[in-house]
Each structure stands twice: as structure tokens, then as C-alpha cells.
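The residues making up each chain are set out below.
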Amino acid sequence: MAACTSQQALISVKPRCASASFGPDRRAGSVRFVSATSCCPGSRKLGLVCASNSQSSVIEPAKLPSSPESGSNPKKSSEAALILIRHGESLWNEKNLFTGCVDVPLTPKGVNEAIEAGKRICNIPVDVIYTSSLIRAQMTAMLAMMQHRRKKVPIIVHKESERAHQWSQVYSEETKKQSIPVITAWQLNERMYGELQGLNKQETADLFGKEQVHEWRRSYDIPPPNGESLEMCAERAVSYFKEQIIPQLVSGKHVMIAAHGNSLRSIIMHLDKLTSQEVISLELSTGIPMLYIFKEGKFIRRGSPAGPSEAGVYAYTKVRVFSIF
Ligand SMILES: O=C(O)[C@H](O)COP(=O)(O)O
């Protein structure tokens, strides 16, 4: 995908399918996100499948600020963008190891996925970024933002101590306007995988059985040995989302969250009102952004900007996947 250069973005949706992916349609200096794939026949080969409760309303365009200055304040718009990105491939994804809260970095492929994710969202405004406390999510957020057309500088907010807070102050309002705060929160960390952390997924399936391992990985309320179930992960991730992130959206700020397969599954479960049965088949690929529009207190799922073109790549699918990968 080409680098981001457009001056304006319009976010639109085709009435037939709110879960479609959107590809940029550049014309006359603007970018319109139009459906590149849909949940209609033919989309399954791309791994995108609509949730039963997907919405299909046409919404008004969300315009980017026309100048850097005007983009520095919270928008008065009645709608705000929410971008969710699972981190790019990590070194332990590559080795097929259970990772959980072990803090491993991205692979070169993961770095590239983060850059590609950034290109997909380069025209969507971002006022504040949330990431987990884990480096793979933080790398993904930073690399993605390097692609953004506004070229603002993402800056990690340090509040772990009074000194850290004080020593990281910025004393120029102009420089602050050209910055995006990056808030790190352990609550957005990957689900703690307990005694599975560091084990090979295939070997664990061979040892305990494929069904058992699938239950540990995808069931809602069954935790892996001494680890967190998705329900336990949701208790902290969704609470944080409600308490810290929704108020930002309500105030008109556009938010990006770079996090993890399971912390994002729990948030998507909340946003899309999935049942504990439905969430079993919810899978997220690494490095594929998902866009929601927050409008009048509701979240409208817009799919993945500039949809994936390779089979087996998905931002969101409800196809049940049994294979260990
Ligand atoms: O923690 C891990 O191992 C992965 O990031 C997510 O693993 P899962 O697909 O087994 O939930």
C-alpha cells in the first residue's frame, strides 16, 4: 500500500454490510473508505464474516481537521473514531509459544505488519493512544503512528512516579499540539496464560489434547492452569475501557488502542454484544486494525480499513477455528 498523503478523509459505509473492509478510493484530493470486501457472498475467502448484530446504517462523514492547528483540540464532532489493533507478530508468535504477559518484542514481520497497519489508518484522526504495558503493543502503536499523515509525535505518558511525571513534562504548547499522548495500561495486557506461558502450542495440544487446549484458549470462563480466563481478562480490560477510554470518546477524542488478542477479544465482545458462546469463535489476526465509530453513545463497527487481500487474514471473524497455529 502506498504511503499516506491525502489531505482529507471521509469515512463511509455501504448500507449492505457494516462489517465490510474499506479500501481507499482516492479522488480529487480526498480519500473515501469504500468496501473492498464484504460479509456478503465471496467474503469468506478473505476470512471476514459478519457478526449477527452488525449494524448497517449510513453515517455522516467524519472529516479530518484541515490544518495541524485545528487538530490539536478535542473535536466538537458528535462522532469519534475508535481504532483497535492487535500487535504485530511477536518473537513468540513466530515460535508458536504461549506468551500471555511475558514481554517479548516484535519480529521483523511484526514490525512490517505494524507499519502496514499504520498505512491502513493513516487518514483516520487519532488524538490519544492507549497501549498495554507490553513492548509488542507499544512497538505496534509507535510504528503504526509513524505512517500517519499528520506526523504528530506519539509520546508515552509516564505517571509511574511523581518524578517520572515531572521529568517528562513538555514546556511548549506548540510542541504539545504536535504530539499524541500514549497512555500505557497493564489492564490492556494480554490475558495471563498461567502455566502455559512459554510452552509450545502444538506440543501442549499433543500433550493435553486439541479440545482441551482449544477450551483454554478460546472459552469464556475456563482459565488455563493458574492463568486468566477471558472472563477474568475482561474484568480488568473492559472495566478500564469503560472507565478511562469511553470518556475520551464521549468528549470527541479519536482513540487508538494497540493491545492483544485476548484483551481486544474481551473489548470487542463488549462492543459487539457477543455472547460467551459467540466469542469462542472470535479470532483476531496480528497487525490488522479494526475501526469503530462512536456516535450518540453507540459503537458502529466499520471493519478493517483497506481490507486484507490475502486469504486467511482477518481483523475479525466468527468462523470457528480449531487449528493450533
Ligand atoms: O499470548 C499468546 O500466546 C498470544 O498472544 C495469544 O494466544 P492465543 O491465540 O492462544 O490466545
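Figured I'd write up the structure that's included with this text.

Calculation rules
Residues numbered from 1 in each chain as written. Predicted model: local features only at pLDDT ≥ 70, side-chain atom pairs only at ≥ 80, totals over all residues. Heavy atoms only, no water. Near = heavy atom within 4 Å. Polar contact = N/O pair within 3.5 Å; in protein donor to acceptor, adjacent residues only side chain to side chain. Areas by Shrake-Rupley, 256 points an atom, 1.4 Å probe, with all protein chains shown as cover. Nonpolar A, V, L, I, M, F, W, Y, C, P; charged D, E, K, R; others polar. Helix = DSSP H or I, 4+ residues; strand = E, 2+ residues; numbered from the N terminus. Buried < 20%, exposed > 50% of the residue type's maximum accessible area, 1.4 Å probe, protein only. Salt bridge = Lys/Arg side-chain N within 4 Å of Asp/Glu carboxyl O.

Notes on the site of the ligand
Now for step 1: The ligand sits among Arg86, Asn93, Leu97, Phe98, Thr99, Gly100, Glu190, Tyr193, Lys201, Arg217, Arg218 and Asn262.
Now for step 2: In this structure, lysine 201 approaches the ligand through a side-chain N or O atom, which is 3.1 Å from an oxygen atom.
Now for step 3: In isolation the ligand exposes 320 Å². Once the protein is present, 97% of that is buried.
Now for step 4: Partitioning the shell around the ligand into residue classes produces three nonpolar, four polar and five charged.

Regarding the environment of isoleucine 288
Now for step 1: Looking at where isoleucine 288 falls in the secondary structure, it is placed in the loop between helix H9 (261-271) and strand S9 (289-295).
Now for step 2: A residue is classified by how much of its surface remains accessible, and isoleucine 288, at 9% relative accessible area, is buried.
Now for step 3: When the C-alpha atoms of isoleucine 288 and isoleucine 300 are compared, they prove to be 18 Å apart, with twelve residues separating the residues in sequence.

Thoughts on unusual backbone geometry
Now for step 1: With a phi close to 60 degrees, asparagine 96 is a non-glycine residue in the positive phi region.
Now for step 2: Topologically, asparagine 96 is positioned in the loop between helix H1 (91-94) and helix H2 (108-120).
Now for step 3: Classification of asparagine 96 by relative accessible area gives buried; the value is 15%.
Now for step 4: Within the chain, lysine 273 stands out as a residue other than glycine whose phi angle is a positive 50 degrees.
Now for step 5: Structurally, the position occupied by lysine 273 is in the loop between H9 and S9.
Now for step 6: Since its relative accessible area comes to 66%, lysine 273 is described here as exposed.

What to know about the pattern of salt bridges
Now for step 1: Summed over all chains, the structure comprises six salt bridges.
Now for step 2: Of the charged contacts in the structure, one is a salt bridge between lysine 109 and glutamate 89, with a shortest N-O distance of 3.7 Å. Of this pair, lysine 109 sits in helix H2 while glutamate 89 sits in the loop between strand S4 (79-86) and H1, placing them 20 residues apart in sequence.
Now for step 3: Lysine 109 sits in the partly exposed class, given a relative accessible area of 49%.

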